[in-house]
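Geometric and topological summary
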Amino acid sequence: MDKILNSFIPKKTLCPDVWSNPTSEDFSTIKLDRDVREHLILVSKDFIESIGVDSFAIEDILFVGSLANYNWSDYSDVDLHLVVDKSKFNEDQDLTDEFFTAKKEIYNLKHNIKVKNFDVEVYVQDITEELEASDGIYSVLYNKWRKTPTKEKPQVNKIDIIKKVKEFNKKLSDIEKEEDTDAKLLKLKKLKEKIRAYRKSGLSDSGEYSTENLVFKYLRRSGYMDRLSNMGIDIKDEFLSLENELYWFLNNFRIFIRRIIIFLKEKRYETNRFWKN
């Protein structure tokens, strides 16, 4: 627990494995390591090819997150944002967002890409989108800072973080004990929504070092979020499996109802013909 809590404390310099001249106070002299930059451009190109859209135009490639800041740690990921004008793809914004989200998730699941032992996570960001609570933002494409990070000395309230983490762990443990499948899935969905809303509230009010955001980071770094996601997948897999008696019953019941409806429609058609004649 202490290791995760201590990972929230900012470092004195940027990550030396990722940045050249990371101890400098002059950001015009701090650049992304040449090999790291070249590798990230290759990753970006590979992702673009995986999209399968001819008109895919990149406005920028952004390096964001804790590795572009002083709060990096062993738990950090390389957050690589490909900036595009989504309006050029489709007028339906929701459909476009779903398309890029699906492509991003598939790509990240299929690949296990690392840079200097840090996992690389690829995202697609709209040109009009502003990053919430992101301090340092570096353009990989143009090799310059879009926004320089600041050295903060935030007050990390460890007691409040531990208290809230225990509350969320208790909620998940209670859900595990739930025997009703539908109730279990509903409670999992509500818990995910609550965690997202909790984090978003903290980011909006107090920024990256808010207790809410640090609780979320703790849950992610401790494996809680994976456990939450996997539980939902396991429940659905069990429910949809052929061996599941409940699924077998419901599926056959649906077939039975469907046949009754078809039968009644046919009878109604015959009755109507009878009266017309």
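Details of the structure are given in the entry above.
Report follows, based on the coordinates. (Residues numbered from 1 in each chain as written. Predicted model: local features only at pLDDT ≥ 70, side-chain atom pairs only at ≥ 80, totals over all residues. Heavy atoms only, no water.)

Considerations on the overall build of the protein
Across its full length, the protein holds 8 helices and 8 strands. Sequence separation of 24 or more characterises 68% of the internal contacts of the protein that already satisfy a separation of 6 or more. Total accessible area on the protein stands at roughly 17700 Å², and carbon and sulfur atoms take up 50% of it. (Helix = DSSP H or I, 4+ residues; strand = E, 2+ residues; numbered from the N terminus. Contact = heavy atoms within 4.5 Å. Areas by Shrake-Rupley, 256 points an atom, 1.4 Å probe, with all protein chains shown as cover.)

Here's the deal with the packing of aromatic side chains
For any pair of aromatic rings, geometry is given as the distance between the ring centres together with the angle between the planes. Summed over the entire model, instances satisfying the criterion amount to 8 aromatic pairs. Ring plane angle 85 degrees and centroid distance 5.5 Å describe the contact between Phe27 and Trp145, whose orientation is recorded as edge-to-face. Highlighted residues: Phe27 in the loop between β1 (19-20) and β2 (31-32) and Trp145 in strand β8 (residues 144-147), separated in sequence by 118 residues. Taking the relative accessible area as the measure of exposure, Trp145 reaches 14% and is therefore buried. Look at Phe99 and Phe100: their rings are 5.3 Å apart centre to centre, the planes differ by 70 degrees, and that puts the pair in the edge-to-face class. (Phe/Tyr/Trp six-rings, centres within 6.5 Å; stacked < 30°, edge-to-face > 60°. Buried < 20%, exposed > 50% of the residue type's maximum accessible area, 1.4 Å probe, protein only.)

Focus: a nonpolar patch on the surface
A contiguous nonpolar surface patch, about 430 Å² in accessible area, is contributed by Phe253, Phe256, Ile257, Ile260 and Ile261. Relative accessible area serves as the criterion here: at 33%, Ile260 is assigned to the partly exposed category. (Patch = residues over 30% accessible without salt bridge, like charges linked within 9 Å, V, L, I, M, F, W, Y side chains within 5 Å. Salt bridge = Lys/Arg side-chain N within 4 Å of Asp/Glu carboxyl O.)

Some details on the sheet that holds strand β5 (residues 114-115)
An order of β5-β6-β4-β3-β7-β8 is seen for the 6 strands of this open sheet, with the pairing classed as mixed. Because the sheet does not close on itself, it has two edges, and the strands there are β5 and β8. As defined by bridge partners, strand β4 (residues 78-84) adjoins strand β6 (residues 118-126) across 7 bridges and the pair is classed as parallel. Opposite Leu82, over in β6, you have Val124 as the bridge partner. Those strands touched by helix α2 (residues 34-51) are β3 (60-64), β4, β5 and β6, and its axis lies near 55 degrees from that of β4. (Pairing = 2+ DSSP bridges. Axes fitted to C-alpha atoms, helices over the stretch in contact; angles between N-to-C directions.)

Observations regarding the side chain of Ser139
Mapped onto the fold, Ser139 is located in strand β7 (residues 137-139). Not counting chain neighbours up to four residues away, the residues in contact with Ser139 comprise Asp60, Ile61, Leu62, Lys144 and Arg146.

Details of the nonpolar core
Of all hydrophobic cores here, the largest spans 34 residues; its most connected members are Val18, Trp19, Leu32, Leu40 and Phe63. At the level of secondary structure, the elements contributing two or more residues to this core comprise α2, β3, β4, α3 (93-110) and β6. Considering every element that reaches this core, the biggest residue donor is α2, with 6 residues. For Trp19, the contacting residues outside a window of four places in its chain are Leu14, Ile30, Lys31, Leu32, Asp33, Phe63, Leu67, Ala68, Tyr138 and Trp145. One finds Ile161, Ile195, Phe216 and Tyr224 within the second-largest nonpolar core, a separate group that totals 20 residues. (Core = buried A, V, L, I, M, F, W, Y, C linked by side-chain atoms within 4.5 Å.)

Description of the packing of α2 against α3
Two elements in contact, α2 and α3, have axes separated by 11 Å at closest approach and are oriented at 120 degrees. Between α2 and α3, the angle falls in the class oblique. As α2 runs across α3, the sense of the crossing is right-handed. The segment α2 lies against α3, with Val43, Asp46, Phe47, Ser50 and Ile51 engaging Phe99, Phe100, Lys103, Lys104 and Tyr107. Residues of the contact of α2 with α3, tallied by class, amount to 6 nonpolar, 1 polar and 3 charged. (Parallel < 35°, antiparallel > 145°, perpendicular 65-115°, else oblique. Left-handed = near helix turned anticlockwise from the far one by under 90°. Nonpolar A, V, L, I, M, F, W, Y, C, P; charged D, E, K, R; others polar.)

Observations concerning the pattern of salt bridges
Counting across every chain of the model gives 9 salt bridges. As a salt-bridge pair, Lys151 and Glu25 come within 3.1 Å of each other at their nearest N and O atoms. Of this pair, Lys151 sits in the loop between β8 and α4 (158-177) while Glu25 sits in the loop between β1 and β2, and the two are 126 residues apart along the sequence. With a closest N to O distance of 2.8 Å, Lys187 and Glu178 form a salt bridge. Assessed through its relative accessible area of 38%, Lys187 is described here as partly exposed. Assessed through its relative accessible area of 23%, Glu178 is described here as partly exposed.

Details of the pairing of β8
Of the strand pairs in this sheet, β7 and β8 are connected by 3 bridges, and their pairing is antiparallel. The partner of Tyr138 across the bridge, within β8, is Trp145. Taken together, β7 and the strand that follows it, β8, pair antiparallel across an intervening segment of 4 residues, in which Asn143 is found at a positive phi of about 55 degrees.

That's the geometry; what it means functionally is another story.
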